[in-house]
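Okay, here's what each chain looks like letter by letter:
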Amino acid sequence: MDPTVRIFLSQIPIFEGFSDTDLEVVMQAAVKRQLPKGSFLFREGDPAEAMYLQMEGRTRSFTSDNQGKEFVFQIGEPGDVYGEISMIDDEPRSWSVQVEDDSTFIMFSKQDFRTALETYPQLKDKLILNLSRIIRRLSLTMKNLALLDVYGRVRALFEEMAQDYEDHWMIPEPLTQQAIADRVGSSREMIARILKELVFGGYVKLENKRIIILQKLPERF
């Protein structure tokens, strides 16, 4: 196995406190997979067959209805874990994970995953903490959907993603109007209207699909 995999695993929170010997045992069960942009790690409703750790690239986790309308609730980055919930309760996948950029993953089969849980009791505690983070993130998403209007959700998304750049803030990830709509549960037309008003008001400017925030966004639209 590539030595970078061992370094990567040692930095993942769920393997925190594992000795070098323990990591060597874990590595024996690890399978490195590379997936191109546009492919699926798994789809909503698929049987649970493996757990994945993301080494490189970017993904999006989403759910969709029969008409194909999507709601994106997470953009995955290196260090994120996928599929551990279904590995525990044996239920089908609750959402889909699609590769946004060419990505590399470390895969553990269901059998290896359960063997690891039996061999390393501390791993269960780490997984519980990871699941708690997922629940908190989903709870915040549900709260925003229930209590905020579309503009409020857009504002919350921008504030979460924006990074500080000298005299302004910028969202480094290129975002289309449809991508924003998918993340806040709205339509592309509504997002276009909101962006137009924010640009007209001097709050933001758009450059190469990137959003630059020039001043604090208004509380209300």
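On a predicted model such as this, the values are computed, not experimentally measured, just so you know.

Conventions and cut-offs
- Residues numbered from 1 in each chain as written.
- Predicted model: local features only at pLDDT ≥ 70, side-chain atom pairs only at ≥ 80, totals over all residues.
- Heavy atoms only, no water.
- Buried < 20%, exposed > 50% of the residue type's maximum accessible area, 1.4 Å probe, protein only.
- Helix = DSSP H or I, 4+ residues; strand = E, 2+ residues; numbered from the N terminus.
- Pairing = 2+ DSSP bridges.
- Salt bridge = Lys/Arg side-chain N within 4 Å of Asp/Glu carboxyl O.
- Axes fitted to C-alpha atoms, helices over the stretch in contact; angles between N-to-C directions.
- Contact = heavy atoms within 4.5 Å.
- Phe/Tyr/Trp six-rings, centres within 6.5 Å; stacked < 30°, edge-to-face > 60°.

### Here we look at the pairing of strand β3 (residues 50-64)
Across the 15 residues of β3, 11 count as buried, placing the element largely inside the fold. Sheet analysis places β3 next to strand β5 (residues 81-82), joined by 2 bridges and oriented antiparallel. Directly across from Tyr52, in β5, lies its bridge partner Tyr82. Sheet topology places β3 next to strand β4 (residues 70-76); 6 bridges connect them, and they run antiparallel. In the sheet register, Phe62 faces β4, and the bridge partner there is Val72. Count of turn residues in the β3/β4 antiparallel hairpin: 5 residues, of which Gly68 carries a positive phi of about 90°.

### Points about the pattern of salt bridges
Once their charged atoms are close, side chains differing in charge can pair, the charge on each being opposite to the other. Counting across every chain of the model gives 11 salt bridges. Between Glu100 and Arg60 there is a salt bridge, with the nearest N and O atoms lying 3.4 Å from each other. Here Glu100 is found in strand β6 (residues 96-109), whereas its partner Arg60 is found in strand β3, with 40 residues between them in sequence. The class for Arg60 is buried, based on a relative accessible area of 12%. Here the salt bridges do not stand alone but share partners, grouping Arg58, Asp101, Glu173 and Arg183 into one network.

### Describing the pairing of strand β10 (residues 210-213)
Examined bridge by bridge, strand β8 (residues 168-171) and β10 share 3 bridges and lie antiparallel to one another. The residue bridging Met170 from the neighbouring strand is Ile212, located in β10. As defined by bridge partners, strand β9 (residues 204-207) adjoins β10 across 4 bridges and the pair is classed as antiparallel. Following the sheet pairing, Val204 is matched in β10 by Ile213. Taken together, β9 and the strand that follows it, β10, pair antiparallel across an intervening segment of 2 residues, in which Asn208 is found at a positive phi of about 50°.

### Topic: the sheet that holds strand β7 (residues 163-165)
Sheet strands associate in pairs through backbone hydrogen bonding, adopting either a parallel or an antiparallel arrangement. Strand order across the open sheet formed by 4 strands is β7-β8-β10-β9, with antiparallel pairing between neighbours. The open sheet terminates on both sides in strands that have one partner only, identified here as β7 and β9. This sheet shows a mean twist of 30° between the axes of neighbouring strands, independent of strand direction. For β7 and β8, the ladder comprises 3 bridges, and the chain directions are antiparallel. Note on β8: the bridge partner recorded for Gln163 is Met170. Its contacts with the sheet place helix α6 (residues 150-161) against β7, β8 and β10, and it is angled at close to 100° to β8.

### Comments concerning the environment of Tyr52
Take Tyr52: it is sitting in strand β3. Judged by relative accessible area, Tyr52 falls into the buried class, the value being 6%. In the structure, Tyr52 is positioned 143 residues away from Leu195 in sequence and 36 Å away in space, judged by C-alpha atoms. For Tyr52, the contacting residues outside a window of four places in its chain are Arg33, Leu41, Phe42, Asp80, Val81, Tyr82, Arg93, Phe105, Ile106 and Met107.

### Quick notes on the packing of aromatic side chains
The tally for this structure, following the rule as stated, stands at 6 aromatic pairs. Centroid distance Tyr52 to Phe105: 6.4 Å. Interplanar angle 80°. Geometry classified as edge-to-face. With Tyr52 in strand β3 and Phe105 in strand β6, the pair connects residues that are 53 residues apart, well separated along the chain. Both residues of the pair, Tyr52 and Phe105, belong to the buried class. Seen in terms of ring centroids, Phe73 and Trp95 are 5.0 Å apart; in terms of plane orientation they differ by 80°. Their pairing is edge-to-face. Of this pair, Phe73 sits in strand β4 while Trp95 sits in the loop between α3 (84-89) and β6, and the two are 22 residues apart along the sequence.

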